[in-house]
Amino acid sequence: MQDNATEVTAAGIARLAGVGRAAVSNWRRRHADFPKPVGGTETSPSFALAEVESWLRDQGKLAEVPLRERVWQQLSGHPEGPVTALTHAGCVLLLIHDRPTVWLDASAGSDARLAAMLPGALEEVLAPRFGAAAAVNTSDAVNSPGAVNTSPSVSPRAALHTPLGPELLPSVPLLRGAAELAAELGARQTFEFLLGRHLDANPRQYTLTPADLAGLMADLAGPARTVLDPACGTGALLRAVTARADQELYAQDSAPELAALTALRLALQTRAHVHGATGDTLRADAHPELRADAVLCHPPFNERNWGHDELAYDARWEYGFPARTESELAWVQHALARLKDGGTAVLLMPPAAASRRSGRRIRADLLRRGALRAVVALPVGAAPPYNIPLHLWVLRRPEKAPAQPEVLLADTGQFATEGRGGPDWREVREAVLDAWRAFDRAGTLQERPGLARALPVIDLLDDDVDLAPARHLPPATAADGAEALTAVRERLGETLRLTTDLTPLPADTAQPARWPLTTVGELARGGALVMRTGGNGGHARVPVLTDHDVIAGTAPSGTLPESDEEAVLVEPGDVVVPVLGGGSMARVIDDASGGAALGRSLVLLRPDPTALDPWFLAGFLRGTANNRQASSYASTATRLDVRRLQLPRLPLDEQRRYGARFRTLDEFERALRHAGRLGNQLVRGMYDGLTDGTVAPD
């Protein structure tokens, strides 16, 4: 009966059966015995998972539900919500990880017996891993892992409590499924799979710290036995810390569900002792006596309601009372207050925190007393929000004031890459750690043009105390301006010569050919190609090919909102056509773009290689007359009906002959774009060289 409480959407049914959502809609219309909705809305109904599975099996449409999919559907459709379900599953997975024989004994009986036995078994695991606080107030509803802390000034609480039998009973089918999946994948991998799926399904609900960035922050902090993350989120920063059995990991977050999930995540990954707490860190610090070796923090940005009015006389403001608009500087000082002398803190900061006038006095005192050791500007796209270059602040609680303090400023913006794939993390990591370690050893650093330099603090103590690295780092062209421009000029010349070679020779004047024609629609009906349209949802980790990418010839750069709708993934050899704008464009997908999701306003054509050459198809689809006869007008936009596009009926050998020439034209087009970029680079370099004196006017 409990399994019937799990609900599944139409998209989930489609995923279970391996079909599209349209097929599920047809089943609902054509089969009177299809399960009736049990929840959801009129436009997005939900169905009982057990009833759906039974119907699919009776119809021969489902031999066996994939175990991963079944467990995920049980979690996402849990009557108490996915967060509560994920927390219960995490507790049981920790039990399986630490005491597998106890789980085997408890799960051997009925669901009711399992639910009754689990609290005692879980308490024996949770209390040693998280402290006695994990077992207290088990009947207090506000301590439920899924509960929301509506009072920001309430005292901190333990991140986890031992759930009671009645709480666990609705979760028993999920727990059995999770245990079965753990036998296949392992307990830690199972929890990571379920948590990752939940985060991907709710991308706007959580602000995540990318794993590469978390690893860089942990490396900057260095080896540490006690580590604190006062705004732990999903635990990415503490997971990046080198795991040791004698480590003490402290985590706190104002969202109870995040604190609970982080505690479970860390306990499944390491044997370190985990101190998890929920509560507003600035108003109700759970670890006021802690003096940690390291603090790692990705604080919330631009918070106005951080406790400015209540905390005016707090002892943590050693470097000045932060303004209401300077919540990030409150987190900086909280981190310093929780460090032991000589301990290191690394915080992810918005770039505005380095230059806002309201924070200049605190920045000045951090510099004078040697607490702020480095400011590193990250490339655009390193972490959300992806459109701005965030900063890393490296701080150290000073044991004594340095005589002539310097601060390291570094800018890694040159390692940004196109699209949403993130920066070149290997280059960022190598450049930042090399500069930081050299500076940390010597207290200074020989200038690395365009990348890093150490500045005396006195040089920054002006009216603005602006710490933005870009304002203090000269461009790299100062060291090799003339030579670099010469190299760019030579590359431009080579590219322009290449475009000359690729330009097709003038064709002899001839009458237009009179081929027998067919349409894309006819080819699709005959099976010579498959036609798909771009969706409205996808997977948060898959880059999306947009219509702009197709037109500009660039790498996939877009995103789509997360949804249960299955994304259409492009493959090498596919032909992609934009349907809006009225231009004649088609692109053959190469290996570099393969695997991306198809974005909105795009149509994918997947030709059968035994019947159609993809370059022949793409080339004829780009004809201006062809596009004109297949276009229509909707309001003020021109829309292309791809099914009406025409191409000649030619043998495959003849198609390939045309395809080879179309491919040459595509290379010619790419070479022209590359020449344009090189020309812009040459002009920019000339302006920079003339204005900084590295290039003479003559």
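These remarks concern the structure in this document. (Residues numbered from 1 in each chain as written. Predicted model: local features only at pLDDT ≥ 70, side-chain atom pairs only at ≥ 80, totals over all residues. Heavy atoms only, no water.)

1. Some thoughts on the sheet that holds strand E15 (residues 529-533)
- Sheet architecture is open: four strands sit in the order E15-E20-E17-E18, paired in antiparallel fashion. With one partner strand each, in any of the chains shown, E15 and strand E18 (587-588) form the two edges of the open sheet.
- Relative to strand E20 (residues 602-607), strand E17 (residues 575-578) runs antiparallel, the two being bridged by four bridges. Residue pairing across strands places Val577 opposite Val603, the latter belonging to E20.
- In the packing of helix H20 (residues 614-621) onto the sheet, the strands contacted are E15, E17, E18 and E20, and the crossing angle to E17 comes to about 15 degrees. (Pairing = 2+ DSSP bridges. Helix = DSSP H or I, 4+ residues; strand = E, 2+ residues; numbered from the N terminus. Contact = heavy atoms within 4.5 Å. Axes fitted to C-alpha atoms, helices over the stretch in contact; angles between N-to-C directions.)

2. Brief notes about the side chain of Thr234
- Summarising the element assignment, Thr234 is placed in the loop between strand E5 (226-229) and helix H12 (236-239).
- By relative accessible area, Thr234 is classed as buried at 11%.
- Setting aside anything within four residues of it in sequence, one finds Thr234 in contact with Leu199, Leu208, Leu258, Thr262 and Arg265. (Buried < 20%, exposed > 50% of the residue type's maximum accessible area, 1.4 Å probe, protein only.)

3. A short note on H20
- With eight of its eight residues buried, H20 lies for the most part within the structure.
- Residues Pro614, Trp615, Phe616, Leu617, Ala618, Gly619, Phe620 and Leu621 constitute the buried set of H20.
- The N-cap residue of H20 is Asp613: its side-chain oxygen and the backbone nitrogen of Trp615 are 3.1 Å apart. (Polar contact = N/O pair within 3.5 Å; in protein donor to acceptor, adjacent residues only side chain to side chain.)

4. Topic: the packing of aromatic side chains
- Scanning all chains against the criterion turns up 12 aromatic pairs.
- A centroid spacing of 6.0 Å and a plane angle of 90 degrees characterise the contact between Trp306 and Trp317, whose relative ring orientation is edge-to-face. One end of the pair, Trp306, is in the loop between strand E8 (292-297) and helix H14 (327-337); the other, Trp317, is in the loop between E8 and H14, with 11 residues separating them in the sequence.
- Every member of this aromatic cluster is reached through a ring pair, and the members are Trp515, Phe616, Phe620, Tyr658 and Phe662.
- Lying over the aromatic face of Phe193, Arg68 brings its terminal NZ or CZ to 5.1 Å of the ring centre.
- Over the face of the ring belonging to Tyr658 we find Arg657, whose NZ or CZ atom lies 5.8 Å from the ring centre. (Phe/Tyr/Trp six-rings, centres within 6.5 Å; stacked < 30°, edge-to-face > 60°. Lys NZ or Arg CZ within 6 Å of the ring centre and 35° of its normal.)

All we've got here are geometric facts, nothing functional implied.
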